[in-house]
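# Remarks on the overall topology
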Amino acid sequence: MKKILIIAILTIIIIWGIHAVQNKEKSKIENESNNTETVADVPKEDITINMTVAGDVLCHNTNFFDAYNASTDSYDFSYTFEDIKKYFDNADIAIGTLEANFAGKSAGYSNYPLFNAPEQLATDLKELGFDILATANNHCLDKGFSGLVNTLSELDKAGIEHMGTYATEEDSEKYLIKDVNGIKMAFLDYTYGTNGIELPEGKEFAINMIDKDEIKKDIENVKKENVDVVCVNMHWGQEYKLTPTSEQEELADFLFQNGADLILGSHTHCLEPMEKRTVTMPDGTTKDGFVIYSLGNFMSGQKADNSRQSVILDIKLTKAGKDGKISIDSVTYTPIYMYNYYTSKSAHRFKVMDIESEIAKYEAGDTQIGATMYNTLKNELQGVYKVVGNEILPEGEKK
């Protein structure tokens, strides 16, 4: 009896020990799980970037005549951008539209209607601060397919990335996707046409045309790459019209509904309005969307009404750490003017002016521009405000 009692006590002790070990392991696993959940529950920091956007870069013969240095037989456009370079200096990404070709000197530098600019302009645009240039537009075939290919080659040499036109079919199947300080962005570009100039047979891949099925497919493909932002450049609209056409508005709606976040318009040679929207997607979720229907000319030799005023946009984007959602915090702009001192016999007639800064300098006693240009700039400034509209600022914030 005594022996049986001892065995029973030992059995209880062993069973208790096993349970104690099991409970300890269970507690350890639960603690590790709780610690993991705690770490996972800590939200990541928000990421904010500044995106600088400018309009169309054209290069008329007056521009490249002005940039020519006979003593060195070379071109230098850098002076054109001296006054506004500071607006590119703090950009995390800077983008514009190249409505010119770099087909090479042997093709002959030329003016409208078949543009071909000195390739030094590509280097000067890079030094100004451009990271990306959209190349699909109605002038991208002005010097044929070979001119298109050479343009892309010159941009590559200058270190400027590009989208919308392609040298090979393999290139056309790739998408321009960039990680901008932790925000993954996809860049797409399309044009309404090429002024009736047709691509050689078998080269249909070379230009992204505005085609809803193709655009929808492209957006779906970049979304598969888990991008945070889809930015679409659209070469569209009616030249010298200060408001978007019904087709532009309908296409903007289509782009937003199919996943575009930013829409940057070009082609019209003048400004058109911008707007921020709250977009309701087919699944009922909402997101921020931004469109500027046209940015006008950033650089050109044009003289037509409204063709010399433009803006440099500063778009502030934030990716929320808690859920990864993108917000468009603000869109501010610097009004600019393509100054052409056409009565001057000296070089360097052309300069992109900061309108507000130039007005302020004149009013402070700097009479370099003269009273006539001062009044012109005041009128141009009001025109910019009227067409583009108010800057988009965080709620409750005033400029």
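Everything here concerns the structure above.
A brief report on the enclosed structure follows. Predicted model only: the values in this text are computed from it and were never measured.

### Regarding the overall build of the protein
If you tally the helices and strands in the protein, you get ten helices and 16 strands. Each of the 399 residues in the protein was classed as buried or not, and the buried ones make up 47%. Long-range pairs, those at least 24 residues apart, make up 73% of the contacts in the protein with a sequence separation of at least 6. Accessible surface, the protein: about 19,900 Å² in total, of which carbon and sulfur atoms supply 50%.

### Considerations on the pattern of salt bridges
Tallied over the full model, the rule gives 15 salt bridges. Of the charged contacts in the structure, one is a salt bridge between Arg277 and Glu275, with a shortest N-O distance of 3.2 Å. We classify Glu275 as partly exposed; its relative accessible area is 30%. Two residues, Lys361 and Glu358, come together in a salt bridge whose shortest N-O distance is 3.5 Å. Of the two residues, Lys361 and Glu358 both sit in helix H9 (residues 355–363), three residues apart, roughly one turn of that helix. Shared partners join several salt bridges into a network, and the residues in it are Glu82, Asp83 and Lys351.

### A short note on the environment of Gly389
Relative to the helices and strands, Gly389 resides in the segment after helix H10 (370–388). For the pair Gly389 and Glu275, spaced 114 residues apart in sequence, the C-alpha separation works out to 8.2 Å. Discounting chain neighbours no more than four positions away, the residues touching Gly389 are Tyr333 and Val384.

### Points about the nonpolar core
One recurring pattern in soluble globular proteins: nonpolar side chains tend to sit buried together. In this structure, Met51, Met185, Phe187, Phe290 and Leu313 are the most contacted members of the largest nonpolar core, which totals 34 residues. The contact partners of Met185, leaving out residues within four places of it in the chain, are Ile49, Met51, Leu176, Ile177, Lys178, Val180, Val229, Leu262 and Leu317. Phe64, Ala67, Ile84 and Phe298 belong to the second-largest nonpolar core, a separate cluster that totals 31 residues.

### Regarding the pairing of strand E11 (residues 274–280)
When E11 meets strand E12 (residues 286–292), the two strands line up antiparallel, connected through seven bridges. Paired with Lys276 across the two strands is Phe290, which belongs to E12. With antiparallel pairing between neighbouring strands as the criterion, E11 and E12 make up a hairpin whose turn holds five residues, including Gly284 at a positive phi of roughly 95°.

### Here's the deal with helix H8 (residues 246–257)
With twelve residues, H8 ought to run about 16 Å at 1.5 Å a step, and its terminal C-alpha atoms sit 17 Å apart, in line with that. Among all positions in H8, only Gln248, Leu251, Ala252, Phe254, Leu255 and Phe256 are buried. The elements touched by buried residues of H8 are helix H7 (212–223), strand E9 (229–235), strand E10 (262–266), E11 and E12. Gly259 sits one or two residues past H8 and shows a positive phi near 115°.

### Some points on the packing of aromatic side chains
Evaluated as defined, the whole model comprises twelve aromatic pairs. Plain terms: the ring middles of Phe64 and Phe65 are 5.2 Å apart, the flat faces sit at 80° to each other, and that makes the pair edge-to-face. The exposed category is assigned to Phe65, whose relative accessible area is 56%. Each ring, one from Tyr75 and one from Tyr109, has its centre 5.5 Å from the other, and the planes form 85°; the classification is edge-to-face. Here Tyr75, found in strand E3 (residues 74–75), pairs with Tyr109, found in the loop between strand E4 (93–98) and helix H4 (120–128); they are 34 residues apart in sequence, far enough to count as distant.

Calculation criteria
Residues numbered from 1 in each chain as written. Predicted model: local features only at pLDDT ≥ 70, side-chain atom pairs only at ≥ 80, totals over all residues. Heavy atoms only, no water. Helix = DSSP H or I, 4+ residues; strand = E, 2+ residues; numbered from the N terminus. Buried < 20%, exposed > 50% of the residue type's maximum accessible area, 1.4 Å probe, protein only. Contact = heavy atoms within 4.5 Å. Areas by Shrake-Rupley, 256 points an atom, 1.4 Å probe, with all protein chains shown as cover. Salt bridge = Lys/Arg side-chain N within 4 Å of Asp/Glu carboxyl O. Core = buried A, V, L, I, M, F, W, Y, C linked by side-chain atoms within 4.5 Å. Pairing = 2+ DSSP bridges. Expected span 1.5 Å × (residues − 1). Phe/Tyr/Trp six-rings, centres within 6.5 Å; stacked < 30°, edge-to-face > 60°.

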